[in-house]
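Examination of the molecular architecture
Given next are the chains, with one letter for each unit.
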Amino acid sequence: MDALEAITVRTASAIYPVEVASGAARHMAERMAAAGLRPSRVAVICDAAVESSTAAEVDRSLSAAGMAVARIGMQATEDSKTLGTLGDLCERMLADGIDRSGAVVAVGGGVVGDVAGFAAATYMRGIPCVQVPTTLLAMVDAAVGGKTAVNLVRADGTLAKNMVGSFAQPRLVVCDPECLATLPVRELRSGLAECVKHAVIADPAMLAWIRGRIDPILARDPATLAQLVARNVKIKAEVVGADEREDGRRAVLNLGHTFAHAIESLLHGECTHGEAVAIGTVAACRLAGVLGHGSPDHGSAHLESAVRETLSAIGLPAALPAARPAEELLSAMASDKKKRGGALHLVVPFAFGDVRVLGDVPNDAVRAAWRAVGAG
Ligand SMILES: NC(=O)c1ccc[n+]([C@@H]2O[C@H](COP(=O)([O-])OP(=O)(O)OC[C@H]3O[C@@H](n4cnc5c(N)ncnc54)[C@H](O)[C@@H]3O)[C@@H](O)[C@H]2O)c1
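Note that the structure is a prediction, hence the values are computed from the model and not measured. Sequence positions are assigned chain by chain, starting from 1 and proceeding in written order. Local features are withheld for residues below a pLDDT of 70 in this predicted model, meaning they are given only at 70 or higher, and side-chain atom pairs are given and counted only at 80 or more; totals for whole chains, interfaces and linings count all residues.

**What to know about the overall build of the chain**
This is how it is decided: For helices the rule is a DSSP run of H or I covering at least 4 residues; for strands it is a run of E covering at least 2, with both sets numbered from the N terminus onward. We compute the radius of gyration from the C-alpha atoms alone; for a globule the expected value is 2.2 Å times N to the 0.38, where N is the number of residues. The burial label depends on the number of other C-beta atoms within 10 Å of a residue's C-beta. Counts of 20 or more mean buried, 12 or fewer mean exposed, and intermediate counts mean partly exposed, with C-beta atoms placed from the backbone. Here contacts are defined at the residue level, using C-beta atoms placed from the backbone and a cut-off of 7 Å between them.
Along the backbone of the chain there are 14 helices and 11 strands. For 376 residues, the compact-globule formula gives about 21 Å, and the C-alpha radius of gyration of the chain, at 20 Å, lands near that figure. Referenced to the eigenvectors of the C-alpha coordinate spread, the extents of the chain come out at roughly 60 × 50 × 35 Å. When each of the 376 residues of the chain is scored for burial, the buried share is 51%. Taking as baseline every contact in the chain between residues at least 6 positions apart, the subset at least 24 positions apart corresponds to 75%.

**A closer look at unusual backbone geometry**
The phi dihedral of R220 is positive, around 60°, even though this residue is not glycine. Position of R220 among the secondary structure elements: in the loop between helix 8 (214–218) and helix 9 (222–242). Exposure remark for R220: the 18 C-beta atoms within 10 Å place this residue in the partly exposed category. Although it is not a glycine, E246 adopts a positive phi angle of roughly 55°. By the element assignment, E246 lies in the loop between helix 9 and helix 10 (257–266). Classification of E246 by C-beta neighbours within 10 Å gives partly exposed; the count is 17.

**Thoughts on the pairing of strand 3 (residues 41–47)**
Just so we agree on the cut-off: When DSSP finds two or more bridges between a pair of strands, those strands are recorded as paired. Looking down the strands as they point away from the viewer, one classifies a crossover as right-handed if the path from the first strand across the helix to the second runs clockwise.
Along strand 3, six of the seven residues are buried, which leaves the element largely enclosed by surrounding structure. By the bridge criterion, seven bridges tie strand 3 to strand 4 (residues 68–74) in an arrangement that is parallel. When the bridges of strand 4 are listed, I45 appears paired with I72. Once you follow strand 3 into helix 2 (residues 54–64) and on to strand 4, the crossover reads as right-handed. Note: strand 3 against strand 5 (residues 103–108), five bridges, orientation parallel. Its bridge partner being in strand 5, I45 is matched across the sheet by A106.

**Remarks on the site of the ligand**
Just so we agree on the cut-off: In this text, near has one meaning. A residue is near a molecule or strand if its C-beta atom, placed using the backbone, is within 6 Å of it. The residue classification treats Ala, Val, Leu, Ile, Met, Phe, Trp, Tyr, Cys and Pro as nonpolar and Asp, Glu, Lys and Arg as charged. All others, Gly included, are polar.
Surrounding the ligand, one finds 28 residues, the nearest of these being G109, G110, V111, T135 and A142. Residue assignment for the shell around the ligand shows that the elements contributing at least two residues are helix 4 (110–122), helix 5 (136–142) and strand 8 (159–167). Considering only residue class, the shell around the ligand consists of 11 nonpolar, nine polar and eight charged.

**Section: the domain arrangement of the chain**
Cut-off, in case you're wondering: Domain boundaries shown here were taken from an automatic or database domain assignment.
Partitioning the chain into domains gives domain 1 (5–183) and domain 2 (255–372). Just the C-alpha atoms count here: the centres of domain 1 and domain 2 sit 31 Å apart.

**Brief notes about the nonpolar core**
What counts is decided by this rule: Any nonpolar core is a set of buried residues, restricted to Ala, Val, Leu, Ile, Met, Phe, Trp, Tyr and Cys, that join up through C-beta atoms within 7 Å.
Grouped together as the largest cluster of nonpolar side chains are 124 residues, with contacts concentrated most on I45 and V104. Here this core takes 11 residues from helix 11 (residues 273–290), the largest share from any one element. Lining this core are residues from two domains, each supplying at least three of them: domain 1 (5–183) and domain 2 (255–372). Setting aside its immediate chain neighbours within four residues, V104 contacts A43, I45, A116, A119, A120, I127 and C129.

Now the structure itself:
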């Protein structure tokens, strides 16, 4: 295992390490013991895509340390992130003899992390959960911060995302960049969209850092990926540490996401979540400019061009794949769950590090932001 970087997450309810090291998944038993976890039985709930790779390595390490391992594979799609899957997982854990002295180890991307995390939070009123994220998005975002959830299916068959869940912090997160070797490049790029978002929120120098390392990042160089992951985990840890339950500051992590959810709902299947976030982040930058709070040198205009330049270097879109009327996109935003008390809340980056949540943005400004990313 390479040298390990550990970032401590300190929230109101828990303190735990996020460890980043190439090869760490092969040393899971050791990592868990170092975090004070020595369960006799473990449910390794894994994404079918990594069942024979990372999950098998985790299983080998835990079994060699004398733990009884029940490996439970699942398909990682939004359609499988449901109460039905949650019930199936819990019933499998019961059949496999997992009790209150056991633990869940979630091995997969955000889908598996969210549903397995929720299973751990609720099975027998809660057992310890360890997250082993296998997508870049899950390493830099989903696995850190303790949001767990499943989707609900509406009467018309559409999905209401993350409607049932809990805040339940993991006991340990282990990020092994070697897991990303098999991740499709489109998913890798999608994770980079969240890194761009983090740069706008708290680390402007990261944009140039990413632009200077696109080749090793896309070639999955473990050392470069480890640096990237650690740098982003620090940002996420700081934000969730300040506001675990999204009563305030944590909402800045939704930068670009209200735009992204509208894109995802209207252009279903044409964009990954990360691609939609990339386009949404550009729209949010333009919104700041339209609202007039940016100064030409250091404010939103500079920010939008730096974001566009970085997205282009990564190979992420900064415009809609197909033009849609701004009006249609605006109404799709209105159904976003961040709409509270009748007002649409938008995260607006006035400058690097100056990101605010506004509840009274005029529709004309939002239409102009949509037009900046190719809406008609
Ligand atoms: N809890 C949070 O704070 C939080 C934050 C952001 C997103 N999320 C949730 O995360 C989910 C998205 O996560 P994601 O982007 O990781 O998607 P994902 O879990 O759907 O994984 C993306 C794809 O990559 C595959 N995959 C995963 N790891 C792989 C690997 N190492 N090699 C090959 N293929 C691999 C999966 O099977 C899937 O097809 C959404 O459900 C979202 O709601 C949660």
